[in-house]
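# An overview of the molecular structure
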Amino acid sequence: MTIRRLQPQDLPAYFYLRTALWPDSALDFELEVAQILSADHQVGFVAEQEGALVGFVEVSLRAYAEGCESSPVGYLEGWYVAPTHRKTGVGRRLVEAAEDWARAQGCTEMASDSEISNTQSHQAHACLGYQEVERIVCFRKSLQEVET
Ligand SMILES: CC(C)(COP(=O)(O)OP(=O)(O)OC[C@H]1O[C@@H](n2cnc3c(N)ncnc32)[C@H](O)[C@@H]1OP(=O)(O)O)[C@@H](O)C(=O)NCCC(=O)NCCS
């Protein structure tokens, strides 16, 4: 198992993993991944086994994150391991790579989020030392004509 930085040649295998995590956002992937590959404030790491990608983590620098006392903080934007490779330590190694990168950027804290219903993610975060600090309800209102 190799953990390494995302590279342009990882596409479209990377899109496949991303779609598994975010099935409703696939239309935006090309632009988002192009930014990850070129930006200084966010990176992606992949887990590769026998030439196949089996997981990824995306980490960014955020000026603010709930519960944190420093700025910027390293933020886990996305974290995914293929079902066939879960609970074997791949996710931990990906997060460690993300944390090493954030540390190298001068960060002293990491942060992350997860849907309230994703209790498996909550447990995995807890195992890696992430403490729950807040629960958030998101709202939306259209500013266009009244929707029918
Ligand atoms: C969350 C996820 C990335 C973890 O990946 P993984 O490769 O299984 O993680 P690891 O095997 O490295 O496990 C890391 C720690 O979390 C624990 N853990 C992992 N999955 C768990 C689960 N379902 N329930 C309880 N604990 C779990 C492991 O026991 C381990 O702790 P330990 O080292 O103290 O034993 C993976 O389950 C996944 O892709 N889930 C679907 C997508 C998702 O929910 N992503 C997070 C969105 S915020």
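Residues numbered from 1 in each chain as written. Predicted model: local features only at pLDDT ≥ 70, side-chain atom pairs only at ≥ 80, totals over all residues. Heavy atoms only, no water.

## Structural notes on the sheet that holds strand 4 (residues 73-81)
- Spatially, 1-2-3-4-5 is the arrangement adopted by the five strands of the open sheet, whose pairing is mixed. Taken across any chain shown, the strands that pair with only one partner, and hence form the sheet edges, are strand 1 (2-5) and strand 5 (110-112). Across the sheet, the mean angle separating the axes of adjacent strands is 30° when strand polarity is ignored.
- Of the strand pairs in this sheet, strand 3 (residues 52-62) and strand 4 are connected by eight bridges, and their pairing is antiparallel. Of the residues in strand 4, the one forming a bridge with V57 is W79.
- Most of the contacts of helix 3 (residues 90-104) go to strand 4, to which it runs at about 155°, and overall it touches strand 1, strand 2 (42-49), strand 3, strand 4 and strand 5. (Pairing = 2+ DSSP bridges. Helix = DSSP H or I, 4+ residues; strand = E, 2+ residues; numbered from the N terminus. Axes fitted to C-alpha atoms, helices over the stretch in contact; angles between N-to-C directions. Contact = heavy atoms within 4.5 Å.)

## Description of the pairing of strand 3
- Judged by how many residues are buried, strand 3 sits mostly within the fold: eight of eleven residues are covered.
- Where strand 2 hands over to strand 3, the hairpin turn is made up of two residues, of which E50 adopts a positive phi near 50°. (Buried < 20%, exposed > 50% of the residue type's maximum accessible area, 1.4 Å probe, protein only.)

## Describing the side chain of R18
- By secondary structure assignment, the location of R18 is in helix 1 (residues 13-21).
- When sequence neighbours within four positions are dropped, the list of residues in contact with R18 reads F29, E32, V33, I36, F56 and E58.

## A word on the site of the ligand
- Near the ligand lie 20 residues; those nearest to it are W79, K87, G91, R92 and N118.
- Backbone polar atom of K87 to an oxygen atom of the ligand: 2.7 Å apart, as the coordinates give it.
- At 2.8 Å from an oxygen atom of the ligand is found a side-chain nitrogen or oxygen belonging to N118.
- If the ligand stood free it would expose 910 Å²; the protein chains cover 77% of that surface.
- For the shell around the ligand, the secondary-structure elements that each account for two or more residues are strand 4, helix 3 and helix 4 (119-127).
- Looking at side-chain class alone, the shell around the ligand contains seven nonpolar, nine polar and four charged residues. (Near = heavy atom within 4 Å. Polar contact = N/O pair within 3.5 Å; in protein donor to acceptor, adjacent residues only side chain to side chain. Areas by Shrake-Rupley, 256 points an atom, 1.4 Å probe, with all protein chains shown as cover. Nonpolar A, V, L, I, M, F, W, Y, C, P; charged D, E, K, R; others polar.)

## So, the pattern of salt bridges
- Evaluated as defined, the whole model comprises seven salt bridges.
- Between R4 and E48 there is a salt bridge, with the nearest N and O atoms lying 3.0 Å from each other. On the criterion of sequence distance, the pair formed by R4 in strand 1 and E48 in strand 2 is long-range, its members being 44 residues apart.
- You can call R4 buried: its relative accessible area is 17%.
- The exposure class assigned to E48 is partly exposed, which follows from its relative accessible area of 22%.
- For E32, the salt bridge is made with R18, and the minimal N-O distance between the two is 2.7 Å. Of this pair, E32 sits in helix 2 (residues 29-38) while R18 sits in helix 1, and the two are 14 residues apart along the sequence.
- One salt-bridge network, held together by shared partners, links R4, D10 and E48. (Salt bridge = Lys/Arg side-chain N within 4 Å of Asp/Glu carboxyl O.)

## Let's talk about the nonpolar core
- Grouped together as the largest cluster of nonpolar side chains are 19 residues, with contacts concentrated most on F45, V59, L76 and L94.
- With seven residues, the single largest contributor to this core is helix 3.
- Beyond its immediate sequence surroundings of up to four residues, L76 is in contact with V57, E58, V95, A98, M110, A111, S112, H125 and Y130.
- In terms of nonpolar packing, the next biggest core, distinct from the first, is built from nine residues, L6, L17, L53 and Y80 among them. (Core = buried A, V, L, I, M, F, W, Y, C linked by side-chain atoms within 4.5 Å.)

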